[in-house]
Amino acid sequence: MADNCILCGIVDGAIPSKKVYEDDEIMAVLDLNGAAPGHTFVFPKKHHTIIEQVPNALVGKLFAMANKVSTSIFESLDIQGTNIFLANGITAGQLVPHAMLQVIPRREGDNVKLSWEPRQLTEEEMSTVELKVKEVVDSMPLPGAAQSGQKQKPKSGGEVIADEENYLVNQLKRIP
Amino acid sequence: MEQQSPQDIEALKEKLKSMSPEELKEFQKKHCIFCQIVSKKVSAKVVYEDAKSLAILDINPANPGHILLMLREHYTVMPQVPEEDLKGLFVTAKLLSNALLRALEVKGTNILVANGPAAGQKAQHFMIHVIPRSEGDGISFVIPQQELNQKQLDALAERLRERMGTREALASQKQVYVPQKKKEEAKPAAAEPPLDDKPVAGPPERQQEEKPEEGILEDTGQKKGGGNLDDIADFLAKNG
Ligand SMILES: [Zn+2]
Ligand SMILES: [Zn+2]
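Note that the structure is predicted; figures quoted are calculated from it, not measured. (Residues numbered from 1 in each chain as written. Chains lettered and ligands numbered in written order. Predicted model: local features only at pLDDT ≥ 70, side-chain atom pairs only at ≥ 80, totals over all residues. Heavy atoms only, no water.)

**Side note on the coordination of the zinc ion (ligand 2)**
All names here are of chain B.
- Protein-derived coordination of the zinc ion (ligand 2) comes from Cys32 (SG), Cys35 (SG), His74 (ND1) and His125 (ND1), at a distance range of 2.0 to 2.3 Å.
- In this structure, the zinc ion (ligand 2) is surrounded by 4 donor atoms whose angles at the metal cover 99 to 115°, and the resulting shape is tetrahedral.
- When the donor residues of the zinc ion (ligand 2) are listed from N- to C-terminus, their spacing reads C-x2-C-x38-H-x50-H. A residue pair is termed long-range when its members are at least 10 positions apart, and Cys35 in helix H3 (residues 33–38) and His125 in the loop between strand E4 (108–115) and strand E5 (127–133) qualify at 90 residues.
- Classification of His125 by relative accessible area gives buried; the value is 1%. (Donors = N, O, S within 2.8 Å, 3.2 Å for Na, K, Ca; no water. Tetrahedral: all angles 85-135°; square planar, octahedral: opposite > 155°, others 65-115°. Helix = DSSP H or I, 4+ residues; strand = E, 2+ residues; numbered from the N terminus. Buried < 20%, exposed > 50% of the residue type's maximum accessible area, 1.4 Å probe, protein only.)

**What about empty space enclosed by the protein?**
- Enumeration over the complete set of coordinates arrives at 2 cavities of 30 Å³ or more.
- Residue composition of the lining of the largest cavity, by class: 6 nonpolar, 4 polar and no charged. (1 Å grid on protein atoms, 1.4 Å probe; cavity = no way out; pocket = protein on both sides within 12 Å on 5 of 7 lines; lining within 4 Å. Points joined across faces, edges and corners; volume = space filled by probe spheres on them. Nonpolar A, V, L, I, M, F, W, Y, C, P; charged D, E, K, R; others polar.)

**Describing helix H5 (residues 150–164) of chain B**
Residues and elements named next belong to chain B.
- Compared with an ideal rise of 1.5 Å per residue, which puts 15 residues at 21 Å, H5 spans 20 Å between its outermost C-alpha atoms and is within 8% of the ideal.
- Leu153, Leu156, Ala157, Leu160 and Met164 are the residues of H5 that are buried. End-on view of H5: buried residues confined to an arc of 105°, all on one side of the axis. Projecting away from the buried face of H5 at angles above 90 degrees are the exposed residues Lys151 and Glu162.
- Near the N-terminus of H5, the side chain that reaches the backbone nitrogen of Lys151, with its oxygen 2.9 Å away, is that of Asn149.
- Just past H5, the residue Gly165 takes up positive phi, approximately 65°. (Expected span 1.5 Å × (residues − 1). Arc of directions from axis to C-beta. Polar contact = N/O pair within 3.5 Å; in protein donor to acceptor, adjacent residues only side chain to side chain.)

**Quick notes on the layout of surface pockets**
- Estimates place the volume of the largest pocket at around 860 Å³.
- Along the wall of the largest pocket there are 38 residues; nearest its centre are Phe34, Asp58, Leu68, Lys122 and Ala123 of chain B.
- Among the elements of the structure, helix H3 (123–139) of chain A together with H3, strand E2 (53–57), E4 and E5 of chain B are those that each provide at least two residues to the lining of the largest pocket.
- A per-class count over the lining of the largest pocket returns 22 nonpolar, 12 polar and 4 charged.

**Focus on the domain arrangement of chain B**
Residues and elements named next belong to chain B.
- As far as domains go, chain B holds domain 1 (1–31) and domain 2 (45–133).
- When each unit is reduced to the centre of its C-alpha atoms, the spacing between domain 1 and domain 2 is 26 Å.
- Counting residues at the interface gives 4 residues for domain 1, matched by 5 residues for domain 2.
- Of the roughly 400 Å² buried between domain 1 and domain 2 on both sides combined, carbon and sulfur atoms contribute 37%.
- Summed over the three residues of domain 1 that lose the most area to domain 2, namely Lys25, Gln28 and Lys29, the buried surface amounts to 89% of that side. (Domains from an automatic or database assignment. Contact = heavy atoms within 4.5 Å. Buried area = accessible area lost by both parts, 1.4 Å probe.)

**Notes on the coordination of the zinc ion (ligand 1)**
Residue and element names in this part refer to chain A.
- The protein atoms donating to the zinc ion (ligand 1) are Cys5 (SG), Cys8 (SG), His47 (ND1) and His98 (ND1), with metal-donor distances spanning 1.9 to 2.3 Å.
- Around the zinc ion (ligand 1) sit 4 donor atoms, and with donor-metal-donor angles ranging over 103 to 116° the site reads as tetrahedral.
- Each donor residue of the zinc ion (ligand 1) lies on the same chain, and together they follow the pattern C-x2-C-x38-H-x50-H. For the pair Cys5 and Cys8, one class covers both residues: buried.

This is the structure:
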């Protein structure tokens, strides 16, 4: 699986990189041709194609590390903000089949675009979406969920990789 | 809050500066729409809540099902959030992303945080966006690539390693990392074609955009990752 994965290549040292952080589980490297100097990738060393496959404890650590990178680049560079960005699936802009977070330095008027045109939904459309999402959320084993609807626990920790997610995995495998 | 004149904003900035941290936090909470949603003074479509966090549907979404996930506690920016709360919140973000994939049968999600107005932060209450994505949904996120000065990047990487305590982290590893072990564990799967033969970290196929080099790496020194009072005042003036 890790063969031909550019991030696994970086972890192995087969592909040179500019590391900013590394421990047992996590690596952070500068994007050599990033949107701006300081643009950083934060990823698990172990190969996981999509974020749903990354264990919860590690998800927490990855984002905490992204926050640390964000603070460090903010303090080291003349920038005005940062984004922490995850693309989950090709449709969402995921470019490598190895789950990773991007920390992107921002300045007013730069040419990064992570904004959108707000959409206006009718009350009915909003309610339909609310019902659909709530139904699934209530059936999931969420950590520390306040709702009483904690009947079944398919798997502890909510690391459920259902067939639906395989779509993302399969699609990512076909990256040319 | 009504439309403010520049004088009003200046006065507000002065007032904020004279407040104790506790007073400031109270003041912010009072003027924060999301704190009012948390305390149920303002209604919202809540799709998830627990003791520490709350997830609502954005009323002006990027796509239907766009979730705003926030802590009940008011923090203006991410660096102010205690690490344990941050970890828990992102685990919830992952699970909500998973829920969107199932509930709406979308083909992907984005998880996004904007730190600061220049990064697109609009609310004064720290939050995570979880956005469902579909083919042709009209959202075009652009993260351009550019040629960077590799020597400057080396210097930057060195500085960041120092700040992040990377050497210490590596030294404390129980064993030397053995990459081969990992490959065996990885589950077997269809062959993945090579992504790119260039030995660079940048993923391929990104929208290419040329931009001339800029002078970087000046250490400004005075900036802090935390909430800047002037920014908070501006937020309040614009969004109050
Ligand atoms: Zn990999
Ligand atoms: Zn608030």
